[in-house]
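Each chain, written out:
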Amino acid sequence: MNNHNPTEVYAARDEIDATLVQSMLAESAIEARVVGGQITGAVGEVPAGLPSAPRVWVADKDAAEATKLIRIMEEKRRKTWQLNTQADNEKESGEAIEG
């Protein structure tokens, strides 16, 4: 990654989340670096969004494509969460799950 013009593209919930995003970007030939997050081990759980939260940075030239891929990933996560929630609710109520 060109360290002269890095751009932050993602603020992660935790280091695992940041590493997953970094790996997803690498699959699309976008080099990314996880920055920050080390403080979480020292002080316990730190709420997401604090300056110490891990962040994913890419070269400025890759920022637009990385942001697009991250948006797609987040939408897939949302849909999966919604489907899982619906399935859990249907199990609890005894309804059949339509697929």
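To be clear, the structure that these remarks concern was listed above.
Residues numbered from 1 in each chain as written. Predicted model: local features only at pLDDT ≥ 70, side-chain atom pairs only at ≥ 80, totals over all residues. Heavy atoms only, no water.

Engineer: What am I meant to see in the side chain of Asp17 here?
Structural biologist: With respect to the helices, strands and loops of the structure, Asp17 is situated in helix H1 (residues 15-27). Judged by its relative accessible area of 2%, Asp17 falls in the buried class. A polar contact is formed between the side chain of Asp17 and the backbone nitrogen of Arg13, at a distance of 3.2 Å. When near neighbours in sequence (up to four residues on either side) are disregarded, Asp17 contacts Tyr10, Ala12 and Arg77. (Helix = DSSP H or I, 4+ residues; strand = E, 2+ residues; numbered from the N terminus. Buried < 20%, exposed > 50% of the residue type's maximum accessible area, 1.4 Å probe, protein only. Polar contact = N/O pair within 3.5 Å; in protein donor to acceptor, adjacent residues only side chain to side chain. Contact = heavy atoms within 4.5 Å.)

Engineer: Looking at this structure, how should I read the environment of Arg55?
Structural biologist: Within the secondary structure, Arg55 sits in strand S3 (residues 55-59). What makes Arg55 buried here is its relative accessible area of 17%. C-alpha separation for the pair Arg55 and Ala18, spaced 37 residues apart in sequence, amounts to 6.5 Å. At 3.2 Å, the side chain of Arg55 forms a polar contact with the side chain of Glu8.

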